[in-house]
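Given next are the chains, with one letter for each unit.
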Amino acid sequence: MTDVQTDSTPSDEEVVHSPTDETGTADSSSSSSGSELDREGDIAADYIEELLDIADIDGDIDIDTRNGRAYVSVSAEEGSNLRLLSKPDTVAALQELTRLAVQNQTGEFSRLILDIAGSRDARQAELATLVDRAIARIEEGAAEAALPSMSSYERKLVHDIVSERGYVSNSRGEGRDRHTVITAA
């Protein structure tokens, strides 16, 4: 059985801004109102809850809105079988299925983010390690350092990490080959 909790009030760390593209530029065409994001979160939570019930996996669902997106987080107690779904590729696939479920009911594309058992925090730590290795190559004399291809959400996280480290990054390539390149400031 799953438990669903909604929190659409941003915390001190979660300031709500206009949605941005991967360069950080505001994109008013994809902005959603708070009530639309709440509805997306509710639809997504219902979809995930049903999936967890079918798979007989325990999990608590939290819904949040931040940065112009609905965030759905699934967590469980230590030792839960939820970890079966927390691998990055599995989370990405479930996120796409959940987005399709939302789009089917709303008729609009959804930019929701799904986190299962802390998978987003774990991936952000991996991205920080990738950035640190790339910066080390630059400090050793490389003119630039390219990272592997990744989703627009992950590239945005990388851009934020790179900026925090005092370096410059931009995205290059098209489609699935789009990746981030880091240079000295």
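Preceding this paragraph is the structure being described.
Conventions and cut-offs
- Residues numbered from 1 in each chain as written.
- Predicted model: local features only at pLDDT ≥ 70, side-chain atom pairs only at ≥ 80, totals over all residues.
- Heavy atoms only, no water.
- Helix = DSSP H or I, 4+ residues; strand = E, 2+ residues; numbered from the N terminus.
- Buried < 20%, exposed > 50% of the residue type's maximum accessible area, 1.4 Å probe, protein only.
- Contact = heavy atoms within 4.5 Å.
- Areas by Shrake-Rupley, 256 points an atom, 1.4 Å probe, with all protein chains shown as cover.
- Axes fitted to C-alpha atoms, helices over the stretch in contact; angles between N-to-C directions.
- Parallel < 35°, antiparallel > 145°, perpendicular 65-115°, else oblique.
- Left-handed = near helix turned anticlockwise from the far one by under 90°.
- Nonpolar A, V, L, I, M, F, W, Y, C, P; charged D, E, K, R; others polar.
- Expected span 1.5 Å × (residues − 1).

A. Focus on the overall build of the protein chain. Scanning the protein chain for helices and strands turns up four helices and seven strands. With 185 residues in all, the protein chain has 36% of them scored as buried. The contacts in the protein chain between residues at least 6 apart in sequence include a share of 61% that link residues at least 24 apart. If you sum the accessible surface of the protein chain, you get close to 10600 Å²; carbon and sulfur atoms cover 46% of it.

B. Just the packing of helix H3 (residues 119-139) against helix H4 (residues 152-164), in detail. Contact pair H3 / H4: the axes reach a minimum separation of 10 Å and the direction vectors enclose 55°. Taken together, the axes of H3 and H4 lie oblique to each other. Crossing handedness for the pair H3 and H4: right-handed. Between H3 and H4, the contacting residues are Arg120, Arg123, Gln124, Leu127, Ala128 and Val131 on the first element and Tyr153, Glu154, Leu157, Val158, Ile161 and Val162 on the second. Of the residues contributing to the contact of H3 with H4, the split by class is eight nonpolar, one polar and three charged.

C. The arrangement of H3 in detail. Across its 21 residues, H3 extends 30 Å between first and last C-alpha, which sits within 8% of the 30 Å expected from 1.5 Å per residue. Among the residues of H3, Ser119, Arg120, Leu127, Ala128, Val131, Ala134, Ile135 and Ile138 are the ones counted as buried. Against helix H2 (88-106), strand S4 (113-116), strand S5 (144-149), H4 and strand S7 (179-183) lie the buried residues of H3. A positive phi of about 120° marks Gly141, the residue just after H3.

D. Here's a closer look at unusual backbone geometry. Phi is positive for Asp56, which is not a glycine, with a value near 55°. Tracing the backbone through its elements, the reader meets Asp56 in the loop between helix H1 (34-55) and strand S2 (59-66). Judged by relative accessible area, Asp56 falls into the exposed class, the value being 60%. With phi around 55°, Ala117 is a residue other than glycine that occupies positive phi space. Assignment of secondary structure puts Ala117 in the loop between S4 and H3. Classification of Ala117 by relative accessible area gives partly exposed; the value is 40%.

E. Representation of H4 in the model. In this model H4 runs 18 Å from its N-terminal to its C-terminal C-alpha over 13 residues, within 8% of the 18 Å that 1.5 Å per residue would give. On the buried face of H4, the contacting elements are strand S3 (69-75), S4, H3, S5, strand S6 (168-172) and S7. Within two residues after H4, Gly166 carries a phi angle of roughly 85°, on the positive side.

F. Quick peek at the packing of H1 against H2. Two numbers describe how H1 lies on H2: the axes approach to 9 Å, and their chain directions differ by 125°. With respect to H2, the axis of H1 lies oblique. The way H1 lies across H2 gives a crossing that is right-handed. Every residue of H2 that contacts H1 at Arg39, Glu40, Ile43, Ala44, Tyr47, Ile48 and Leu51 is listed here: Leu94, Leu97, Thr98, Ala101, Val102, Gln105 and Thr106.

Function cannot be inferred from these measures alone, as they are strictly geometric.
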